Amino acid sequence: MVFNYERKDAVIEAYGKKYPIPTKTAALMDGINEINKRFAENKSNLDVVRATKAGIALFIGEEETERIFPAEKEAELDTDELSAFWWALNAESNRATQEVIAEYAPKPIIQTK
């Protein structure tokens, strides 16, 4: 057996740019887990907006996140749009993981009579 690991680049196009989805590392996963904790601990909708923006920044960086969702407009941001983008980024990251699983996970053994 020869093992050759190849991961296709995952990219999401949004807001006039293409964003490469980062590889799932311990740091990225810890960051996502921290954002999920922040969601559970939020005391206001503005806290949810800020946590969601921080989550988006894990994928596309703080500068781009601020370009799209400026801090001075946080109270007026469309929370549906913000959430949808967060989930789209997560979905694309998970899709890339599923491709890896499909390629490298053990295949079931089919028994014939």
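Now for a look at the structure at hand. (Residues numbered from 1 in each chain as written. Predicted model: local features only at pLDDT ≥ 70, side-chain atom pairs only at ≥ 80, totals over all residues. Heavy atoms only, no water.)

Looking now at the side chain of T65. Mapping T65 onto the fold places it in helix α3 (residues 62-68). A polar contact is formed between the side chain of T65 and the backbone nitrogen of A57, at a distance of 3.4 Å. Aside from chain neighbours lying at most four places away, what touches T65 is K53, I56, A57 and I60. (Helix = DSSP H or I, 4+ residues; strand = E, 2+ residues; numbered from the N terminus. Polar contact = N/O pair within 3.5 Å; in protein donor to acceptor, adjacent residues only side chain to side chain. Contact = heavy atoms within 4.5 Å.)

Once that is clear, we can look at helix α4 (residues 79-104). Between its first and last C-alpha atoms α4 spans 38 Å; for 26 residues at 1.5 Å apiece the expected length is 38 Å, and the two agree. Those residues of α4 that fall on the buried side of the exposure criterion are L82, F85, W86, L89, N90, E92, S93, A96, T97 and V100. Considering only its buried residues, α4 is in contact with β1 (11-14), α1 (26-41), α2 (45-60) and α3. One side-chain oxygen of the residue at the start of α4 lies 2.9 Å from the amide nitrogen of D80, identifying that residue as D78. (Expected span 1.5 Å × (residues − 1). Buried < 20%, exposed > 50% of the residue type's maximum accessible area, 1.4 Å probe, protein only.)

This part is about unusual backbone geometry. Peptide bonds are mostly trans, and most non-glycine residues show a negative phi. Backbone geometry places Y15, a non-glycine residue, at a positive phi of 55°. Among the secondary structure elements, Y15 is positioned in the loop between β1 and β2 (17-20). Judged by relative accessible area, Y15 falls into the partly exposed class, the value being 33%.

A word on the nonpolar core. Among the nonpolar cores identified, the biggest contains 20 residues, and I56, F59, I60, F69, F85 and L89 are the most heavily contacted of them. For this core, the elements supplying multiple residues, two or more each, are β1, α1, α2 and α4. A per-element tally of this core places α4 first, with five residues. Residues contacting F85, with those up to four places away along its chain left out, are A14, Y15, I56, I60, I68 and F69. (Core = buried A, V, L, I, M, F, W, Y, C linked by side-chain atoms within 4.5 Å.)

Next up on the list: the packing of α1 against α2. Packing of α1 against α2 brings their axes to within 9 Å, and their N-to-C directions diverge by 170°. Comparing their axes, α2 and α1 come out roughly antiparallel. For the pair α1 and α2, the contacting residues are L28, G31, I32, I35, R38 and F39 in the first and V48, R50, A51, T52, A54, G55, L58 and F59 in the second. (Axes fitted to C-alpha atoms, helices over the stretch in contact; angles between N-to-C directions. Parallel < 35°, antiparallel > 145°, perpendicular 65-115°, else oblique.)

A separate point is the side chain of K53. When you line up the elements, K53 lands in helix α2. For K53, the residues in contact, after removing those within four places along its chain, are T65, E66, F69, P70, A71, E74, L77 and L82.

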